[in-house]
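Fold and geometry: a report
So you can see what is in the structure, the chains are spelled out below.
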Amino acid sequence: YHILYAKILTPREKISNILEIGLGTNYKDIVSSMGIEGKPGASLRSFRDFCPNAEIIGADIDKRILFKEERIKTFYVDQTSNLSLNDLKDKFTDKFDLIIDDGLHSPDANINTLRIATTLIKKGGSIVIEDINAKAIDIWITISNLLPANIFKSQIIEADGAILFLVKKI
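1. So, the overall build of the protein chain
What the protein chain contains, in helices and strands, is 5 helices and 8 strands. Listing every helix and strand of the protein chain by position from the N terminus yields α-β-α-β-β-β-α-β-α-β-α-β-β. In the protein chain, which comprises 170 residues, the share counted as buried stands at 46%. In the protein chain, of all internal contacts separated by at least 6 residues, the share reaching a separation of at least 24 is 62%. Side-chain charges of the protein chain comprise 22 positive and 23 negative groups, with the mean position of each set lying 6 Å from the other.

Given below as structure tokens:
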């Protein structure tokens, strides 16, 4: 994903706000656990280091891994709950340059997240839904066709072992 994000985040000094949903819990009792060796929030720290002027926001369903550091704040969110996503959305007044969904990796959760992401992304900003299941590509083709073409440009990106859905606000 680093090639895509390097392109999206150029020039990196001008990036002011990034939101990532799904921080990577390492607790095995959570469906989307990355295992005990995982490092929750590692990508948030990478974005902070790469974009020197950006505020980085993270959100996850596992309250045990939420944290606050220099230029990083994290919040609770349940992607399967529109109420929870609306509560998250209401916390922000600024729009985001980049919003990433790396959370539950199920079409219903991803579509819920995309619903709020389209309201939070700034003009010229990008929304990335990571780790799309190949069996769900038809869903994403439909979503792409439903997005207003005069506001959003979308595409499915297939790379080695990964499928992404990219939305750019034009």
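2. Some remarks on the side chain of Ser 154
Residue position: Ser 154 is located in strand E7 (residues 152–159). On the basis of relative accessibility, which here comes to 18%, the residue Ser 154 falls in the buried class. Dropping the residues within four chain positions of it, Ser 154 is found in contact with Ser 144, Leu 147, Phe 165, Leu 166 and Val 167.

3. A word on the packing of helix H4 (residues 107–120) against helix H5 (residues 137–146)
Here H4 crosses H5 at 20 degrees, and the two axes come no closer than 11 Å. In this view, H4 runs roughly parallel relative to H5, as classed from their interaxial angle. Helix-helix and strand crossings are classified by hand; for H4 and H5 the assignment is right-handed. The residues of H5 that touch H4, namely those facing Pro 107, Asn 110, Ile 111 and Leu 114, are Ile 139, Trp 140 and Ile 143. Tallied by class, the residues present in the contact of H4 with H5 amount to 6 nonpolar, 1 polar and no charged.

4. Structural notes on helix H2 (residues 42–50)
Every buried residue of H2 is accounted for by Leu 44, Phe 47 and Arg 48. Buried positions in H2, seen along its axis, are confined to an arc of 100 degrees and lie on one side of it. Check the buried side of H2 and you find it contacts helix H1 (2–8), strand E1 (17–21), strand E2 (55–60), strand E3 (68–69), strand E4 (72–76) and strand E5 (96–101).

5. Observations concerning the sheet that holds E3
Strand-to-strand pairing in sheets goes through backbone hydrogen bonds, with the strands running parallel or antiparallel. Sheet architecture is open: 8 strands sit in the order E3-E4-E2-E1-E5-E6-E8-E7, paired in mixed fashion. The open sheet has two edge strands with one neighbour each: E3 and E7. The pairing of E3 with E4 spans 2 bridges and is antiparallel. Directly across from Lys 68, in E4, lies its bridge partner Lys 73. Contacting E1, E2, E3, E4 and E5, H2 runs over the sheet at an angle of about 170 degrees to E2. In this fold H5 packs onto strand E6 (121–129), E7 and strand E8 (162–169), with an angle of close to 160 degrees to the strand it touches most, E7.

Conventions adopted
Residues numbered from 1 in each chain as written. Predicted model: local features only at pLDDT ≥ 70, side-chain atom pairs only at ≥ 80, totals over all residues. Heavy atoms only, no water. Helix = DSSP H or I, 4+ residues; strand = E, 2+ residues; numbered from the N terminus. Buried < 20%, exposed > 50% of the residue type's maximum accessible area, 1.4 Å probe, protein only. Contact = heavy atoms within 4.5 Å. Lys, Arg positive; Asp, Glu negative; His and termini not counted. Charge placed at Lys NZ, Arg CZ, Asp CG, Glu CD. Axes fitted to C-alpha atoms, helices over the stretch in contact; angles between N-to-C directions. Parallel < 35°, antiparallel > 145°, perpendicular 65-115°, else oblique. Left-handed = near helix turned anticlockwise from the far one by under 90°. Nonpolar A, V, L, I, M, F, W, Y, C, P; charged D, E, K, R; others polar. Arc of directions from axis to C-beta. Pairing = 2+ DSSP bridges.

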